[in-house]
Amino acid sequence: MASSGNFCTLNPLTQPNAGTFSEGNLLFTHTASAWRSTLGTLGMTTGKWYWEAYQKQYISTGNGWPVGIYDMDSGKFVNSLAGNYPGQSTSTYGATYAVASSSHGEKYHNGSGTSLGFSSSSSGDTWQCAFDADAGKIWFGKNNTWANSGNPSGGSNEAYASIPSSTWAPITCSYNSSNSENYPYNFGQDDTFSGRVTAQGNTDDNGHGVFKYAPPTGFLALCSANLPISD
C-alpha cells in the first residue's frame with residue numbers, strides 16, 4: 001500500500017454534549033437517550049470519496065445513521081446539529097438502517113425520508129458511502145450493493161443529486177445507549193474494523209487505504225495523500 005499520510009477519523013470536538021471516542025477515534029459511544037452525531041476530521045470540497053461503517057448489531061426498535069455528510073460551511077453543528085440526526089436539516093444527507101416506517105433503510109434530507117430499496121438489514125452489515133463533491137451526488141450502499149441500483153463509477157442512480165458546492169464532512173449518529181456503539185468506521189486505515197471482520201485489502205485507485213469492499217472507480221480514501229493541494 002502506498003504511503004497514505006493521515007486518514008480521516010471521527011472528531012471529538014464536534015460532539016460537545018456527551019460520549020466517548022475509542023479505537024483510534026473510529027468509534028463513538030454515548031449513553032444519552034437522545035440523538036448524538038459527530039463529524040469526520042477531514043472536509044471534502046472537490047473530488048470523489050469513499051468510506052465504510054460496520055453495523056455491530058441490528059435493533060429493530062432503535063434508530064441508527066451509519067453514513068452521511070454534513071455541510072461544514074453552514075456553521076450550525078456544535079450549537080444544534082450535534083443533537084440532531086443526519087438528514088434532519090438542509091445541511092445534512094444521511095442513510096438510516098431502522099426507522100418507524102422501514103426496518104430496511106431509508107435516505108434522509110431536510111426531514112424527509114424515502115426507501116433505499118434494501119430487502120433487509122442485520123447485524124454485521126457494512127454500510128458504504130460514495131460522495132462526488134464535483135458532481136454534487138451521493139450514493140449509499142450496504143454489503144457491496146448500492147441502493148436503488150446506484151452506480152457511483154458510472155455516475156448514475158444516485159441517492160441524492162444537486163448537492164450544493166461547499167465543504168462537506170462525513171457524519172455518523174445514533175439515538176440511545178443500545179445503539180451508540182454500533183458503527184466502527186473505516187476511512188481506509190482498518191478494513192477489519194478493529195478485528196471484527198477479516199481483512200480484504202482493497203485499495204483505492206491511487207493505492208491508498210484498505211477497505212472491506214473495493215471503492216468505486218475514481219473514488220478515493222479520505223486521507224491527506226489524496227487531498228488536493230491548494231495553489
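So, how was this worked out
- Residues numbered from 1 in each chain as written.
- Predicted model: local features only at pLDDT ≥ 70, side-chain atom pairs only at ≥ 80, totals over all residues.
- Heavy atoms only, no water.
- Helix = DSSP H or I, 4+ residues; strand = E, 2+ residues; numbered from the N terminus.
- Contact = heavy atoms within 4.5 Å.
- Buried < 20%, exposed > 50% of the residue type's maximum accessible area, 1.4 Å probe, protein only.
- Pairing = 2+ DSSP bridges.
- Salt bridge = Lys/Arg side-chain N within 4 Å of Asp/Glu carboxyl O.
- Core = buried A, V, L, I, M, F, W, Y, C linked by side-chain atoms within 4.5 Å.
- pLDDT = per-residue confidence, 0-100.
- Phe/Tyr/Trp six-rings, centres within 6.5 Å; stacked < 30°, edge-to-face > 60°.
- Lys NZ or Arg CZ within 6 Å of the ring centre and 35° of its normal.
- Lys, Arg positive; Asp, Glu negative; His and termini not counted.
- Polar contact = N/O pair within 3.5 Å; in protein donor to acceptor, adjacent residues only side chain to side chain.

Before going further, it helps to spend a moment on the environment of K48. For K48, the location among the structural elements is in strand β4 (residues 48-54). Note: C-alpha distance between K48 and A130 (82 residues apart in sequence) is 7.2 Å. The residues touching K48, leaving out its near neighbours within four places in the chain, are F131, D132, G218, F219 and L220.

Moving on: the pairing of β4. Two faces make up the sheet, and in a regular strand the side chains alternate between them. The buried fraction of β4 amounts to six of the seven residues, a majority that puts the element mostly inside the structure. Across seven bridges, the pairing between β4 and strand β10 (residues 126-132) is antiparallel. In the strand pairing of β10, K48 is matched with D132. Here β4 pairs with strand β15 (residues 220-221) via two bridges, running parallel. Along β15, the bridge assignment pairs Y50 with A221. Bridge analysis of β4 against strand β14 (residues 185-186) gives two bridges, and the strand direction is antiparallel.

Next up on the list: the pattern of salt bridges. The final tally for this structure, using the stated rule, is three salt bridges. When the shortest N-O distance is used, the salt bridge between E158 and K137 registers 3.7 Å. Linking E158 in the loop between β12 (145-146) and β13 (168-174) with K137 in strand β11 (residues 137-142), this pair joins segments that are 21 residues apart in sequence.

Take the side chain of K142 next. Within the secondary structure layout, K142 lies in strand β11. Ignoring any residue separated from it by four or fewer positions in sequence, one finds K142 in contact with F118, S120, S121, D125, T126, W127 and Q128.

With that settled, consider the nonpolar core. Buried together is how nonpolar side chains tend to be arranged in soluble globular proteins. Ranked by internal contacts, the top residues of the largest apolar core, which has 33 residues, are W51, V67, I69, F131, F140 and Y185. Ranked by size, the runner-up nonpolar core spans 10 residues in total, among them W139, F211, A221 and C223.

Negative phi characterises most residues that are not glycine, and trans characterises most peptide bonds. Even without being glycine, N110 reaches a positive phi, approximately 55 degrees. Take N110: it is sitting in the loop between β8 (106-109) and β9 (112-115). With relative accessibility at 46%, the residue N110 sits in the partly exposed group. The backbone phi angle of N148 is positive, close to 50 degrees, even though this residue is not glycine.

The predicted model of the protein chain averages 86 in pLDDT, with 85% of residues at 70 or higher. Mean pLDDT across the elements of the protein chain ranges from a minimum in strand β5 (residues 64-65), with 77, to a maximum in β15, with 98.

Looking now at the packing of aromatic side chains. All chains considered together, the criterion is met by 11 aromatic pairs. When the ring of F118 is compared with that of W127, the centres are 5.8 Å apart and the planes differ by 80 degrees; the resulting orientation is edge-to-face. As far as the burial class goes, F118 and W127 line up, both buried. With centroids separated by 5.9 Å and ring planes inclined at 90 degrees, the aromatic side chains of W139 and F219 adopt a geometry described as edge-to-face. With W139 in strand β11 and F219 in the loop between β14 and β15, the pair connects residues that are 80 residues apart, well separated along the chain. F219 shares its class with W139; the two are buried. Counting every residue linked through ring pairs, the aromatic cluster contains Y93, F131, Y160 and W168. Between the NZ or CZ atom of K107 and the centre of the ring of Y160, over which it lies, the distance is 4.9 Å. Cation over ring: K142 sits above F118, and NZ or CZ is 4.9 Å from the ring centre.

Time to look at the side chain of K107. Mapping K107 onto the fold places it in strand β8. One buried charged residue, K107, remains without a salt bridge, the closest side chain of opposite sign being E158 at 8.3 Å. A polar atom in the side chain of K107 sits 2.7 Å from the backbone oxygen of A159. Excluding anything up to four places from it in sequence, K107 contacts G94, A95, S112, G113, T114, L116, F140, A159 and Y160.

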